[in-house]
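Next come the chains, spelled out residue by residue.
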2 protein chains.
Amino acid sequence: MPSYATMSPSDIRMEIRKKHIVKPTSGMSRGYAQANLVILKKDLAFDFLLFCQRNPKSCPLLDVTEPGSPIPRLVAPTGDIRTDIPKYRIYKKGKWVEEVEDIVDYWEDDMVGFLIGCSFTFENALLKNGISIRHIEEDCNVPMYKTNIPCTKAGYFEGFTVVSMRPIPENEVVRAVQVTSRFPSVHGAPVHVGNPQSIGISDLSQPDFGDAVSIKENEVPVFWACGVTPQAVAMQVKPELMITHSPGHMFITDLIDEKLGVF
Amino acid sequence: MPSYATMSPSDIRMEIRKKHIVKPTSGMSRGYAQANLVILKKDLAFDFLLFCQRNPKSCPLLDVTEPGSPIPRLVAPTGDIRTDIPKYRIYKKGKWVEEVEDIVDYWEDDMVGFLIGCSFTFENALLKNGISIRHIEEDCNVPMYKTNIPCTKAGYFEGFTVVSMRPIPENEVVRAVQVTSRFPSVHGAPVHVGNPQSIGISDLSQPDFGDAVSIKENEVPVFWACGVTPQAVAMQVKPELMITHSPGHMFITDLIDEKLGVF
């Protein structure tokens, strides 16, 4: 098996396009940013773009394709959002109807793709700073929770922020804030530190998405805005057709993680 | 005369709305962010929003109004972009046809207003750090230049970056970069330091917009992306109707300058 970790983003995308890779992309092309995908038709695209612009912590845009073009010219000029993700989910009127390995047959000439920064990038930054990530240690998915933090409405789109949670040792909380603040285009600084009740989470052991993780003594739960937010919000509008990546099956961009740091 | 410097943004906007103030807004409501305005009709709004998203240094969006609504709900819920700027310019098919004190008669129900961060905020930050601003000392407009730095195209919108220039003492250049990096939503870090030729500027004494300023020995010209860029780019598309603020006559928001700092 080739080492996916050291392959270039364009090589990995080609393997995915040929359907030689059909599995979660975590750890592939290490050092390059991966992205969430939301595809909507043009009639909703302005409002959704505005929603992302107004809610940059949960919806940090890395690229938006021109209507009808499947090429993310800014972040992966040789890429194609119709084929370069291992698994896609098709939603009709807000209901998940199908999981597919490419969306060539679904593509229409008024579709717009939104590539949204993902937490892998800031997790790498935390790891490099000696701050471990519990769900990686426990080999499970990050725990995610619905909150009472409202998103800023834009046209049809409104809803509440979904957050991911990582337990951080008390004496590393300040450093964790500093490290992730550097990466606003991949969710950036936490939205909350400490008491889950304050943001409407009643029980950390019962995440709404993903898996629960253990929290040790002297650790504080730290919450970051999560890329599930825009999908959840878009779904509520029940668009005729919406396409997203399948959880964990991300679009691998040509962007070097470190270059997303603002200083 | 009331002290405009210490009046609240909402009070100043009311004075402007009543046409008691019809002059440049520099220095009014000190400590609050002022904004450039571009109004386009909905048919061009998606592409222009995408253009701003792709060119955040020259087009840092502070707010975008819902199509048809003149209220900038995020940055000034009591404001009205049709009346709260002292002077507007009306452009038809890319030609400046009129300067007016309100645009109530021009307003249509498919118009979208883009409020774009302005350099006043980072200039205040430089001043607070003991770095003086030459065009303020010389009581003239900041010098602005067309460059060969391409903007990232979005739909119909493309063109080159317009920059503003401030001479900075050699030993303050690093600090000037640090201070302005904190404010990405008002143009942020410089786009270039030093040799003007490298970015296509042949003669600093001949700015394309604004006024030339003196550059002293041991000073370096430092260039920031400028809010004139989106206006210049929009104008090239020759939209049926475009409305902007008149130079120096800005929209005063409720945003506290310091809260725009990212860390």
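Just above sits the structure.
Residues numbered from 1 in each chain as written. Chains lettered and ligands numbered in written order. Predicted model: local features only at pLDDT ≥ 70, side-chain atom pairs only at ≥ 80, totals over all residues. Heavy atoms only, no water.

A. Region of the structure containing the sheet that holds strand β6 (residues 144-150) of chain B. Spatially, four strands are ordered β6-β7-β9-β8 (chain B) in an open sheet, and the strand pairing comes out antiparallel. Two strands in the sheet have a free side with no partner beyond their single neighbour: β6 and β8 (192-193) of chain B. (Pairing = 2+ DSSP bridges. Helix = DSSP H or I, 4+ residues; strand = E, 2+ residues; numbered from the N terminus.)

B. Structural detail: the relation of the copies chain B and chain A. Superposing chain B onto chain A takes a rotation of 180 degrees plus a shift of 0.0 Å along the axis, which leaves an RMSD of 0.0 Å. Accordingly, the operation relating the two chain copies is best matched by a two-fold axis. Among all residues of chain B, the minimum C-alpha distance to the rotation axis is found for phenylalanine 46 of chain B, at 2.6 Å. Most of the interface of chain B is mirrored in chain A, where 100% of its interface residues are also at the interface. (Least-squares fit on C-alpha atoms with pLDDT ≥ 70 in both. Contact = heavy atoms within 4.5 Å.)

C. Examining helix α3 (residues 120-128) of chain B more closely. Residues and elements named next belong to chain B. Residues of α3 that are buried include every one of Thr121, Phe122, Glu123, Ala125 and Leu126, and no others. Those residues of α3 that are buried are in contact with β1 (32-41), α4 (134-137), β7 (160-169), α5 (173-181) and β9 (219-225). Just beyond α3, the residue with positive phi is glycine 130, at close to 80 degrees. (Buried < 20%, exposed > 50% of the residue type's maximum accessible area, 1.4 Å probe, protein only.)

D. Here's a closer look at the interface of chain B and chain A. Taken together, the contact between chain B and chain A spans 21 residues of the former and 21 residues of the latter. Overall, the association of chain B and chain A removes approximately 1800 Å² of surface from exposure, summing both partners, and the carbon and sulfur fraction of that is 65%. Three residues, Phe46, Gln53 and Arg54 of chain B, lead the burial of chain B against chain A; their summed loss comes to 32% of the area buried on that side. In this assembly, chain B and chain A are joined by four salt bridges. Among the salt bridges present, the one from aspartate 63 of chain B reaches arginine 54 of chain A, with a minimum N-O distance of 3.9 Å. Here chain B and chain A share eight residue pairs in polar contact (both at pLDDT 80 or more) between them. Among the elements of the structure, α2 (42-54) and β2 (61-64) of chain B are those that each provide at least two residues to the side of chain B that touches chain A. With seven residues, the single largest contributor to the side of chain B that touches chain A is α2 of chain B. (Buried area = accessible area lost by both parts, 1.4 Å probe. Salt bridge = Lys/Arg side-chain N within 4 Å of Asp/Glu carboxyl O. Polar contact = N/O pair within 3.5 Å; in protein donor to acceptor, adjacent residues only side chain to side chain.)

E. How the structure looks around a nonpolar patch on the surface. Among the surface-exposed residues, Val262 and Phe263 of chain A together with Val262 and Phe263 of chain B lie close enough to one another that they form a single nonpolar patch of about 340 Å² accessible area. Along the polypeptide, valine 262 of chain B turns up in the segment after β11 (251-256). We classify valine 262 of chain B as partly exposed; its relative accessible area is 40%. (Patch = residues over 30% accessible without salt bridge, like charges linked within 9 Å, V, L, I, M, F, W, Y side chains within 5 Å. Areas by Shrake-Rupley, 256 points an atom, 1.4 Å probe, with all protein chains shown as cover.)

F. Structural view of helix α1 (residues 9-17) of chain A. Residues and elements named next belong to chain A. Considered for burial, the residues of α1 that qualify are Pro9, Ile12, Arg13 and Ile16. Viewed along the axis of α1, the buried residues span an arc of 100 degrees, placing them on a single side of the element. Tucked into the core, α1 has its buried residues touching β1 (32-41) and β11 (251-256). Phi turns positive, to about 65 degrees, at lysine 19, one or two residues after α1. (Arc of directions from axis to C-beta.)

G. Seen up close, the side chain of threonine 253 of chain A. Residue and element names in this part refer to chain A. Within the secondary structure layout, threonine 253 lies in strand β11. Of note is the side chain of threonine 253, whose polar atom sits 2.8 Å from the backbone oxygen of alanine 33. Within the local environment of threonine 253, its side chain forms a polar contact with the backbone nitrogen of leucine 255, the two atoms lying 3.0 Å apart. Every residue in contact with threonine 253, bar those within four places of it in the chain, is listed here: Pro9, Arg13, Tyr32, Ala33, Ala35 and Val75.

H. Molecular detail of the side chain of histidine 187 of chain A. All names here are of chain A. Examined against the element boundaries, histidine 187 turns out to sit in the loop between α5 (173-181) and β8 (192-193). Using a relative accessible area of 2% as the deciding quantity, one classes histidine 187 as buried. One polar contact links the side chain of histidine 187 to the main-chain carbonyl oxygen of glycine 117, over a distance of 3.1 Å. Each residue touching histidine 187, except ones within four places of it in the same chain, is listed here: Lys57, Ser58, Pro60, Gly117, Cys118, Ser119, Phe122, Ala225, Cys226 and Gly227.

I. Region of interest: the sheet that holds strand β9 (residues 219-225) of chain A. Residue and element names in this part refer to chain A. Here we have four strands laid out as an open sheet, ordered β6-β7-β9-β8, and antiparallel in their pairing. Each of the sheet's edge strands pairs with one partner strand only, and the pair in question is β6 (144-150) and β8. Note that strand β7 (residues 160-169) and β9 share seven bridges and pair antiparallel. If you follow isoleucine 168 over to β9, its bridge partner there is valine 220. Across the face of the sheet, α5 comes into contact with β7, β8 and β9 while running at roughly 15 degrees to β9. (Axes fitted to C-alpha atoms, helices over the stretch in contact; angles between N-to-C directions.)

J. Representation of the packing of aromatic side chains within the structure. Residue and element names in this part refer to chain B. Inspection of the entire model under this criterion finds 10 aromatic pairs over all chains. An angle of 15 degrees between the planes, with centres 6.5 Å apart, marks the rings of phenylalanine 48 and phenylalanine 51 as stacked. You can see phenylalanine 48 and its partner phenylalanine 51 sitting in helix α2, three residues apart, about one turn around the helix. The same class applies to phenylalanine 48 as to phenylalanine 51, namely buried. Taking 4.8 Å as the distance between ring centres and 80 degrees as the angle between the ring planes, the aromatic pair formed by phenylalanine 48 and phenylalanine 114 counts as edge-to-face. You can see phenylalanine 48 sitting in helix α2 and its partner phenylalanine 114 sitting in strand β5 (residues 111-117), a full 66 residues away along the chain. (Phe/Tyr/Trp six-rings, centres within 6.5 Å; stacked < 30°, edge-to-face > 60°.)

K. Seen up close, the packing of helix α2 (residues 42-54) of chain A against α2 of chain B. Between α2 of chain A and α2 of chain B, the least distance of the axes is 10 Å, while the angle of their chain directions is 40 degrees. Classified by the angle between their axes, α2 of chain A and α2 of chain B sit oblique to one another. Considering only the axes of α2 of chain A and α2 of chain B, their crossing is left-handed. The residues of α2 of chain B that touch α2 of chain A, namely those facing Lys42, Ala45, Phe46, Leu49, Leu50 and Gln53 of chain A, are Lys42, Ala45, Phe46, Leu49, Leu50 and Gln53 of chain B. Grouping the constituent residues of the contact of α2 of chain A with α2 of chain B by class yields eight nonpolar, two polar and two charged. (Parallel < 35°, antiparallel > 145°, perpendicular 65-115°, else oblique. Left-handed = near helix turned anticlockwise from the far one by under 90°. Nonpolar A, V, L, I, M, F, W, Y, C, P; charged D, E, K, R; others polar.)

L. Focus on the environment of glutamine 197 of chain B. Residue and element names in this part refer to chain B. Along the chain, the position of glutamine 197 falls in the loop between β8 and β9. Measuring from C-alpha to C-alpha, the distance between glutamine 197 and threonine 147 comes to 9.2 Å, with 50 residues separating the pair along the chain. Separated by 3.4 Å, the side chain of glutamine 197 and the backbone oxygen of serine 202 make a polar contact.

M. Spatial organisation of unusual backbone geometry. One non-glycine residue with positive phi stands out, namely histidine 187 of chain A, at about 85 degrees. Phi at asparagine 218 of chain B takes a positive value of approximately 65 degrees, unusual for a residue other than glycine. Relative to the helices and strands, asparagine 218 of chain B resides in the loop between β8 and β9.

N. Geometry of the packing of helix α3 (residues 120-128) of chain A against α5 of chain A. Residue and element names in this part refer to chain A. Here α3 crosses α5 at 135 degrees, and the two axes come no closer than 9 Å. The orientation of α3 relative to α5 falls into the category oblique. With respect to the hand of their crossing, α3 and α5 are arranged in right-handed fashion. Along the contact surface, α3 presents Phe122, Ala125 and Leu126, while α5 presents Ala176, Val179 and Thr180. Class assignment of the residues belonging to the contact of α3 with α5 gives a composition of five nonpolar, one polar and no charged.

All we've got here are geometric facts, nothing functional implied.
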